[in-house]
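# Notes for the structure review
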Amino acid sequence: MLTPLELSKKAFKTTLVGGYDKEDVNNFIKSVRNDYEELYKSVIDMREEINRLNSELERYRSTSEQLQKALTLAQKTADDIKLAADRQADLVIMQANIKAEQIKNEAKEKLKLLSDHYTQFSSEFSAYLATFMKLLKKLDDKFDAITNLNIEEKGLESSQLNEPGSQEEEQD
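Residues numbered from 1 in each chain as written. Predicted model: local features only at pLDDT ≥ 70, side-chain atom pairs only at ≥ 80, totals over all residues. Heavy atoms only, no water.

When its secondary structure is counted, the protein chain shows three helices and zero strands. Counting from the amino terminus, helix and strand elements in the protein chain follow one another as α-α-α. The buried share of the protein chain, taken over its 172 residues, is 2%. Carbon together with sulfur atoms contributes 59% to the accessible area of the protein chain, which is approximately 15900 Å² in total. (Helix = DSSP H or I, 4+ residues; strand = E, 2+ residues; numbered from the N terminus. Buried < 20%, exposed > 50% of the residue type's maximum accessible area, 1.4 Å probe, protein only. Areas by Shrake-Rupley, 256 points an atom, 1.4 Å probe, with all protein chains shown as cover.)

A few words now on a nonpolar patch on the surface. Judged by side-chain polarity, Phe121, Phe125, Tyr128, Leu129, Phe132, Met133, Leu135, Leu136 and Leu139 come together as a nonpolar surface patch covering roughly 890 Å² of accessible area. The topology assignment puts Phe121 in helix 2 (residues 22-162). We classify Phe121 as exposed; its relative accessible area is 51%. (Patch = residues over 30% accessible without salt bridge, like charges linked within 9 Å, V, L, I, M, F, W, Y side chains within 5 Å. Salt bridge = Lys/Arg side-chain N within 4 Å of Asp/Glu carboxyl O.)

Glancing now at the pattern of salt bridges. Pairing is possible between side chains that carry opposite charge, provided their charged atoms lie close to one another. Counted under the stated rule, the structure contains nine salt bridges. The shortest N-O distance in the salt bridge between Glu56 and Arg52 comes to 2.9 Å. With a gap of four residues between them, Glu56 and Arg52 both fall in helix 2, about one helical turn apart. Classification of Arg52 by relative accessible area gives partly exposed; the value is 41%.

The next point concerns the packing of aromatic side chains. Enumeration over the complete set of coordinates arrives at three aromatic pairs. Lying over the aromatic face of Tyr60, Arg59 brings its terminal NZ or CZ to 5.2 Å of the ring centre. (Phe/Tyr/Trp six-rings, centres within 6.5 Å; stacked < 30°, edge-to-face > 60°. Lys NZ or Arg CZ within 6 Å of the ring centre and 35° of its normal.)

Of all residues in the protein chain, 87% attain a pLDDT of 70 or more, and the chain-wide mean is 86. Of all secondary-structure elements in the protein chain, the lowest mean pLDDT belongs to helix 3 (residues 164-171), at 50, while helix 2 reaches the highest, 90. (pLDDT = per-residue confidence, 0-100.)

Below is the structure:
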């Protein structure tokens, strides 16, 4: 592409016969040079603008790639965190189930121990109660025997009081 300076410096050969009016040609060239200079500056400005826009576009592409990588990494991290949380939850549930099973087994053992103690206590209490009842029966029998003796003695005394001669007979 010709520069405006090259257009200004362009010289044409002149001829004496049938040539163009020099001033008219110079004015036209000057007009073309001015228009061309404006177009040339516009082209330079546009190239600079294209370069700036290409640079900005490249920056956006780079940012877009970085954002895409960041989003991908964030998604992977979120998936990893969710997976870890799921595993942790499963572990907590498993530990809770184990602990519940231990508590249940301990409760069963305590219940069996209490049941054994109750059975032993009940057996011992039944034996004690049977022994106590036998003792009460013996005491009751002895009390009855003593009471009967007392009644018999009182009966004899009262019959002796009522029969004076019979006391003497009994004494002999």
